[in-house]
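One letter stands for each residue in the lines below.
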Amino acid sequence: MSDQTITSVSREHRSFRPSAEFKAQANLGSDAVYKRLYAESVNSPEKFWGRQATEQLIWRKPFKKVLDWKPPHAKWFVGGKLNVSENCLDRHLGTARENKAALIFEGEPGDVRTITYKQLHLHVSRLAHIFENMGVGAGDRVALYLPMIPEAVVAMLACARVGAIHTVIFGGFSAEAIKDRINDCKAKLVITADGGWRRGKVIELKANVDKAVEGTPTVQSVIVVKRCGNPVTMKEGRDIWWKDAWEGAPNSHKAKAFDSEHPLFILYTSGSTGKPKGVLHTSAGYLLGAKLTSHYVFDLKETDRYFCSADIGWITGHSYVVYGLLANGSTVFMYEGAPNQPEPDRFWQMIDRHAITILYTAPTAIRAFMRWGDNYVLRHSLASLRLLGSVGEPINPEAWMWYHKMIGKKRCPIVDTWWQTETGAIMIAPMPGVTACTPGSATKPFFGISAKVVDDQGKEVPRNTGGKLAIMKPWPSMLRTLWGDDERYKKAYWSEFAGQPGVYFTGDGARQDKDGNFWIVGRIDDVLNVSGHRIGTAEIESALVSHPAVAEAAAVGRPDELKGQALVVFVTLKSGQIATEELKEALRSHVGREIGSLAKPDSIRFAASLPKTRSGKIMRRILKEIAAGGLVKGDTTTLEDFSVVAALQAED
Ligand code: PRX
């Protein structure tokens, strides 16, 4: 065993078998079916994926070859042609789904809109004509900087329809961040809105775009949706209102067919340091991954009303608000605003109001709900819910149990889904109705995914040993490259294991337990070296959060002359709890009991909040710098709220 292996210290053993009722109606019948299909999918991946692609997607021209793999470059479904928007819309027309709600939208002020598949098709067709009249077509880049409103979905699908490549920029990013992304991909067109509602205030999106496009020579036009009615400046010859462009555009549009490998979108992901990476996804493989995982992991039924709280600016919004769900003909509920507007029970209110059946959210949101208190949940029935999902970070067992009891009322399976912007679709997750759910574990790999925990040489480590999470074979929804930087693509993902250019490195640490369940222990870059043991951040944090006073925790290392690295933890407390020296001692003992004295923190710091990315992930890199007593350097543009850092430094 390599001495670089990670020690895994978690002792979580609870396991929840699916109920007989859920099992009886599940899309995947039994564990035997899962095992048979999984074995086929990894032993004969081309046979498995070829069949799925034929069955699941609507092709204009059939593919000739399933996979062309020249590591680390893959081409899937070679020679095939299709249109992604046709696969999400036209295929449902003339069927019982035609008049089914594709989108149910609720704005933060409370306005509600329902858009059927037929109506969505009409909107997308019109916008596709508008694009074509503007000279925006196959291969052109279009930047979208929009609130969570239906127009964002329309714009994405209209890009797909004409073969343009969208890059969605999350509405929380600054003008500077928009400029960098537009310049990196040389977008020709920007679609934005006057503003979006957030916590009762208007976020002035158009004003940010105005600033950004001063420095983006490639942008020729800006289409502006009127959402909030706030005053905006429209530049003659460049800016046009969505509504004005709309007038006179034809209602139907004959979609062209594009190659399976035609680029669908670029999505910038921050990476822990340096310039954002432009992850490129292409058409058929991505769509197949998003569609198949949605069907099985969310156990989608014709009658479901599905709510994913992720913004469209993240990969979760791409795969599990738009492409995966619409390709399956599902009803997607979209919410524009903050979860605590006007009060912290907004989600629960909306779940009851719209009879939502599936909720997919993030651990950071779940921990916030826990902190706000159970009373906000208990005011609502939540009886329509039948399945819950989690994504974005390891979910600590404490939050999992709260989600299970408080939101799922012990009847809903929880699918903890591990995946990445780069993987395009869910990679590791329970099959609801089949897999026993275990708090804190994403459990088993999805069909066709050869996930393994390996050592530094890329060799599989024994069960219950920590190591690096690697994907041993290509899969259809994998990223194809980083936009304009293939060298970085090779270096970041395919160079970790010497002599194995076909093994994908996820950047995450993990362990597989004796039953084969995967436990993600955190990012490898964040791994702590505690008294000679390498321990993932997730396990220490999860031990802290299991203490009744703690709402959230982050663990980092600080250089220490004696020990090499001292363990520093930042802790936020639940409301009503008081930060005292006694509590610090109690937390140290608690970690000692939960993990062992080797993991007792050297220093505990109470904080009002923790620095997070705009998608809700704790930025340990920044905490590491604070713990070391230095100034915060490096890129902070992805930081959600800089005042959190200032407050932590002031306490230093
Ligand atoms: O570290 C893992 C963590 O989030 C990373 C991917 O982040 P991003 O590209 O922003 O995509 C988020 C939405 C898919 C992973 O490398 N992560 C994501 N989901 C989980 C997770 N860690 C543990 N458990 C998860 N379910």
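The notes below deal with the structure included here.

Calculation notes
Residues numbered from 1 in each chain as written. Predicted model: local features only at pLDDT ≥ 70, side-chain atom pairs only at ≥ 80, totals over all residues. Heavy atoms only, no water. 1 Å grid on protein atoms, 1.4 Å probe; cavity = no way out; pocket = protein on both sides within 12 Å on 5 of 7 lines; lining within 4 Å. Points joined across faces, edges and corners; volume = space filled by probe spheres on them. Helix = DSSP H or I, 4+ residues; strand = E, 2+ residues; numbered from the N terminus. Nonpolar A, V, L, I, M, F, W, Y, C, P; charged D, E, K, R; others polar. Pairing = 2+ DSSP bridges. Axes fitted to C-alpha atoms, helices over the stretch in contact; angles between N-to-C directions. Contact = heavy atoms within 4.5 Å. Polar contact = N/O pair within 3.5 Å; in protein donor to acceptor, adjacent residues only side chain to side chain. Near = heavy atom within 4 Å. Areas by Shrake-Rupley, 256 points an atom, 1.4 Å probe, with all protein chains shown as cover. Buried < 20%, exposed > 50% of the residue type's maximum accessible area, 1.4 Å probe, protein only. Right-handed = clockwise from strand over helix to strand, strands pointing away. Salt bridge = Lys/Arg side-chain N within 4 Å of Asp/Glu carboxyl O.

## Thoughts on the layout of surface pockets
It is the rolling of a water-molecule-sized probe over the atoms that shows where space remains empty. Here the second largest pocket defines a volume of roughly 640 Å³. Lining of the second largest pocket is provided by 31 residues; of these, Lys-444, Asp-513, Asp-515, Gly-516 and Asn-517 occupy positions nearest its centre. Put simply, the parts of the chain that give the lining of the second largest pocket at least two residues each are helix 2 (31–43), strand 21 (451–454), strand 24 (504–512) and strand 25 (518–523). Among the elements that take part in the lining of the second largest pocket, helix 2 stands out by supplying four residues, more than any other. When its residues are assigned to classes, the lining of the second largest pocket shows eight nonpolar, nine polar and 14 charged.

## Observations concerning the sheet that holds strand 18 (residues 358–361)
One open sheet holds the seven strands; their spatial order is 5-4-17-16-18-19-20, and the pairing between them is mixed. What marks the edges here is a single partner per strand, and that holds for strand 5 (112–116) and strand 20 (414–417). Recorded for the sheet is a direction-independent mean angle of 20° between the axes of neighbouring strands. Sheet topology note: the strand 16 (residues 305–308)/strand 18 ladder contains three bridges and is parallel. Counted as the bridge partner of Cys-308 is Tyr-360 from strand 18.

## Regarding the environment of Glu-106
Within the secondary structure, Glu-106 sits in strand 4 (residues 101–106). Residues Glu-106 and Pro-150 lie 44 residues apart in sequence; the distance between their C-alpha atoms is 9.7 Å. When neighbours within four sequence positions are excluded, Glu-106 is seen to be in contact with Asp-111, Val-112, Phe-333, Met-334, Tyr-335, Glu-336, Arg-346, Met-350, Arg-353 and His-354. Among the polar contacts listed, one links the side chain of Glu-106 to the side chain of Arg-346, at a separation of 2.8 Å.

## Observations regarding the site of the ligand
Near the ligand lie 16 residues; those nearest to it are Asp-416, Thr-417, Gln-420, Thr-421 and Asp-508. In this structure, Gln-420 approaches the ligand through a side-chain N or O atom, which is 2.8 Å from an oxygen atom. Contact between the ligand and Asp-508: an oxygen atom at 2.9 Å from a side-chain N or O atom of the residue. Bound to the protein, the ligand loses 90% of the 540 Å² it would expose on its own. Breaking the shell around the ligand down by element, the ones donating at least two residues are helix 11 (315–327), strand 20 and strand 25. For the shell around the ligand, the per-class residue count stands at six nonpolar, five polar and five charged.

## Quick word on the pairing of strand 29 (residues 564–573)
Summarising burial for strand 29: eight of the ten residues are buried, a large majority. Alignment of strand 28 (residues 550–560) against strand 29, held across ten bridges, turns out to be antiparallel. Looking across to strand 29, one finds that Glu-552 is bridged to Thr-572. Hairpin connection from strand 28 to strand 29: three residues lie between these consecutive antiparallel strands. Following the chain from strand 29 across helix 18 (residues 581–594) to the adjacent parallel strand 30 (residues 603–606), one finds a crossover that is right-handed.

## Focus on empty space enclosed by the protein
Counting across every chain of the model gives five cavities of 30 Å³ or more. In this model, the largest cavity occupies a volume close to 60 Å³. Taken together, Leu-82, Asn-83, Val-84, Cys-159, Ala-160, Gly-163, Ala-164, Phe-258, His-262, Pro-263, Leu-264 and Ser-283 form the lining of the largest cavity. Of all the elements in the fold, those that place two or more residues in the lining of the largest cavity are helix 6 (150–162) and strand 14 (263–269). Of the residues that constitute the lining of the largest cavity, the class distribution is eight nonpolar, four polar and no charged. Of the volumes computed, that of the second largest cavity is approximately 50 Å³. Trp-49, Gly-289, Thr-293, Ala-425, Ile-426, Met-427, Phe-446, Ile-449, Trp-475, Pro-476 and Ser-477 are the residues that line the second largest cavity. Of the residues in the lining of the second largest cavity, the class split is eight nonpolar, three polar and no charged.

## Points about the pattern of salt bridges
All told, the structure shown has 40 salt bridges when counted by the stated rule. Measuring nitrogen to oxygen at the nearest pair gives 3.7 Å for the salt bridge that ties Glu-343 to Arg-379. Taken together, the residues span a long stretch of sequence, with Glu-343 in the loop between strand 17 (331–335) and helix 12 (346–354) and Arg-379 in the loop between helix 14 (375–378) and strand 19 (387–391) at a distance of 36 residues. By sharing partners, the salt bridges in this structure join Arg-367, Arg-371, Glu-393, Glu-552 and Lys-612 into a single network.

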